[in-house]
Amino acid sequence: MGSPPWFFRFSGAVVQWLLPITIGLLLLGAAWGLLVAPPDFRQGNSYRIIYIHVPAAVVALVGYYVMALAGAVSLIWRIKMADVTMRAAAPVGAVLTAVALVTGAIWGKPTWGTWWVWDARITSMLILLFLYLGVMALFEAYENKTAAARACAVLSLVGTVNIPIIYKSVDWWYSLHQPASIKFTGESAIDSSMLYPLLLMITAFYCFFALTVLLNMRAELMWNHREANWLQQMVRKV
Amino acid sequence: MYFDSLSAVWHMDGHGFYVWLSYALTFLPVAIMLWLPIRRQRQLWQWIVAEQRRVDSRHVDAQSK
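Residues numbered from 1 in each chain as written. Chains lettered and ligands numbered in written order. Predicted model: local features only at pLDDT ≥ 70, side-chain atom pairs only at ≥ 80, totals over all residues.

Trainee: Talk me through the overall build of chain B; I want residue IDs and the actual numbers.
Mentor: Scanning chain B for helices and strands turns up two helices and zero strands. Here chain B has a C-alpha radius of gyration of 25 Å; the compact-globule value for 65 residues is 11 Å, and the former is much larger. If one aligns the C-alpha atoms of chain B with their principal axes, the spans along those axes are about 80 × 20 × 15 Å. Counting over 65 residues, chain B shows a buried share of 15%. (Helix = DSSP H or I, 4+ residues; strand = E, 2+ residues; numbered from the N terminus. Rg over C-alpha atoms; globule rule 2.2 N^0.38 Å. Buried ≥ 20, exposed ≤ 12 C-beta atoms within 10 Å, placed from the backbone.)

If you want it as C-alpha cells, here you go:
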C-alpha cells in the first residue's frame, strides 16, 4: 500500500468520485442551513453560521489526529508515504482551524457583542492553528528533508495534548463559548430540523478534508517521482 | 424554504452581513484549497509531456543524421 504507483492510481479513481460528491454535499448543506432550516429562537438568523463553524472545527481537530498518526507511522516504520500524508494534512488543517476561528469571531459579534475573547475554547483553537503552522514552517526550516519530516512528526505528536483540552475546554472553564449541542450518548440539545443539515455539513467537511489531503499527496508524489518510470509510462499512455 | 423573499434571504433580520460574510470566508479558502493541488498536478503533467516530447525529438534527430 506504501507504493507510490499503486497509490497514484487508487487515489486517482477516488478523487474522480470524491470531487463532485464533496462539492455537491457542501452546496446542498449550505443551501439547507441557509435557506431551509428554521432560525434559532434566541439567536435569530446569526446561528446559521453553525453550519460551517462547527464542521470546520470538528474536522480541524480530527485532522490533527490524522496528521499526528501519520507522523507516528513515519517515525516508527520510516514509511515515506506517511511523511507525505502528514505534510498533506497540515495546510488543510490550518485552513479549517482558521475558518473555525474567523467564522466564530463573526458569529461572536452579534451574539456576544465582541469579535474576540480570551476564552479557553478560543485560545486553545488558536494554539491548534499555531501547531499546524508550526509543522508547516518546521519542514521548510530544515535543509535535510528526512530530518525535517522527523522533527515535524515529533512536533505533531507533542501537539496532540492540545486536542482533548480543546474538546473539554467548554466544560472545564465555562465562560462565553457554549458547550457541545451534539452528544454521542443521550439526547442532543438541538432539534432535528437543525441537526440534519449540521450532520450533512460535517460529512461534507470530512469529504473535503479527505479529498484535499489526497490531492495534495498526488501533487507531492508527482513532483517527487517526476522522473520515475511508472509516472513517465502513465503520462505516455494518456 | 424559510424566507419569503430574496431580500429577506439577504438581510436575515439584520444578521445577513455576519452570515454571508462567514460563508464567503469559508467557501473562498475551500475553493482555493481544492484548486491549488489540481493546478499543480496539471502543471506537472504538462511539464512531463513537454519533457518527453523534447527527449523523443532528440532521438529522432539522432537517427536521421
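Trainee: Run through the overall build of chain A, naming residues and quoting values.
Mentor: When you go through chain A residue by residue, the secondary structure sums to eight helices and zero strands. Traced from its N-terminal end to its C-terminal end, chain A shows the element sequence α-α-α-α-α-α-α-α. C-alpha atoms of chain A, sized along the principal axes, occupy 60 × 35 × 30 Å. Each of the 238 residues in chain A was classed as buried or not, and the buried ones make up 39%. Put simply, 77% of the contacts in chain A that link residues at least 6 apart link residues at least 24 apart. (Contact = placed C-beta atoms within 7 Å.)

Trainee: Now, about unusual backbone geometry: what can you tell me, with residues and values included?
Mentor: Residues other than glycine seldom take positive phi values, yet A:Arg78 does so here, at roughly 55°. Summarising the element assignment, A:Arg78 is placed in the loop between helix 2 (50-77) and helix 3 (80-112). Non-glycine residue B:Met12 carries a positive phi angle of around 50°. Within the secondary structure, B:Met12 is located in the loop between helix 1 (6-11) and helix 2 (16-64). B:Met12 gets classed as buried once you count the C-beta atoms within 10 Å, which come to 20.

Trainee: Account for the confidence of the model for chain B, with residues named and values stated.
Mentor: Confidence in the prediction for chain B averages 90 pLDDT; 98% of positions are at 70 or higher. Scored as a whole, the predicted complex attains pTM 0.93, and scored at its interfaces, ipTM 0.89. (pLDDT = per-residue confidence, 0-100.)

Trainee: Could you give an account of the interface of chain A and chain B, with specific residues and numbers?
Mentor: Each partner contributes residues to the interface: chain A has 34 residues there, and chain B has 27 residues. Among the elements of the structure, helix 1 (4-36), helix 2, helix 3, helix 7 (192-224) and helix 8 (229-237) of chain A are those that each provide at least two residues to the side of chain A that touches chain B. Take the side of chain A that touches chain B: its biggest share by element is nine residues, from helix 3 of chain A. Class assignment of the residues belonging to the side of chain A that touches chain B gives a composition of 22 nonpolar, seven polar and five charged. (Nonpolar A, V, L, I, M, F, W, Y, C, P; charged D, E, K, R; others polar.)

Trainee: Quick rundown of the environment of A:Gln16? Include the residues and the values.
Mentor: Residue and element names in this part refer to chain A. Inspection of the secondary structure assignment puts Gln16 in helix 1. A count of 9 C-beta atoms within 10 Å places Gln16 in the exposed class. In the structure, Gln16 is positioned 73 residues away from Ala89 in sequence and 19 Å away in space, judged by C-alpha atoms.

Trainee: Could you give me a rundown of the packing of helix 8 of chain A against helix 2 of chain B, with the residues and numbers involved?
Mentor: To characterise two packed helices, one gives the angle between the axes of the helices and the distance between these axes. Running from N to C, helix 8 of chain A and helix 2 of chain B point in directions that differ by 85°, and their axes come no closer than 10 Å. As the angle between them shows, helix 8 of chain A and helix 2 of chain B are arranged roughly perpendicular. Together, A:Leu231, A:Gln232, A:Val235 and A:Arg236 of helix 8 of chain A and B:Trp45, B:Ile48, B:Val49 and B:Gln52 of helix 2 of chain B make up the contact between the two elements. The residue makeup of the contact of helix 8 of chain A with helix 2 of chain B, split by class, is five nonpolar, two polar and one charged. (Axes fitted to C-alpha atoms, helices over the stretch in contact; angles between N-to-C directions. Parallel < 35°, antiparallel > 145°, perpendicular 65-115°, else oblique.)

Trainee: Which residues make up the nonpolar core, and what values do they have?
Mentor: Counting residues in each nonpolar core, the largest one holds 69 residues, and the members touching the most others are A:Ala56, A:Ala60 and A:Ala89. Of all elements in the fold, only helix 1, helix 2, helix 3, helix 4 (120-141), helix 5 (145-159) and helix 7 of chain A together with helix 2 of chain B reach the threshold of two or more residues within this core. The residues touching A:Ala60, leaving out its near neighbours within four places in the chain, are A:Gly93, A:Leu96, A:Thr97, A:Ala100 and A:Leu128. (Core = buried A, V, L, I, M, F, W, Y, C linked by C-beta atoms within 7 Å.)

Trainee: Which residues make up helix 2 of chain B, and what are the values?
Mentor: Under the 1.5 Å per step criterion, the end-to-end length of helix 2 of chain B is 70 Å for 49 residues, consistent within 8% with the ideal 72 Å. Within the span of helix 2 of chain B, buried status applies to B:Tyr18, B:Val19, B:Ser22, B:Thr26, B:Val30, B:Met33, B:Pro37 and B:Gln41. Turning to helix 2 of chain B, the residues buried within the fold contact helix 2, helix 3 and helix 7 of chain A. (Expected span 1.5 Å × (residues − 1).)

Trainee: An account of the packing of helix 2 of chain A against helix 7 of chain A is needed here, citing residue identities and associated values.
Mentor: Residues and elements named next belong to chain A. Viewed as axis vectors pointing N to C, helix 2 and helix 7 meet at an angle of 45°, and their least axial separation amounts to 9 Å. Classified by the interaxial angle, the pair formed by helix 2 and helix 7 is oblique. Remark: the crossing between helix 2 and helix 7 carries right-handed chirality. The segment helix 2 lies against helix 7, with Ile50, Tyr51, Ile52, Val54, Pro55, Ala56, Val58, Val59 and Gly63 engaging Pro197, Leu198, Met201, Ile202, Ala204, Phe205, Tyr206 and Phe209. In terms of residue class, the contact of helix 2 with helix 7 is made up of 16 nonpolar, one polar and no charged. (Left-handed = near helix turned anticlockwise from the far one by under 90°.)

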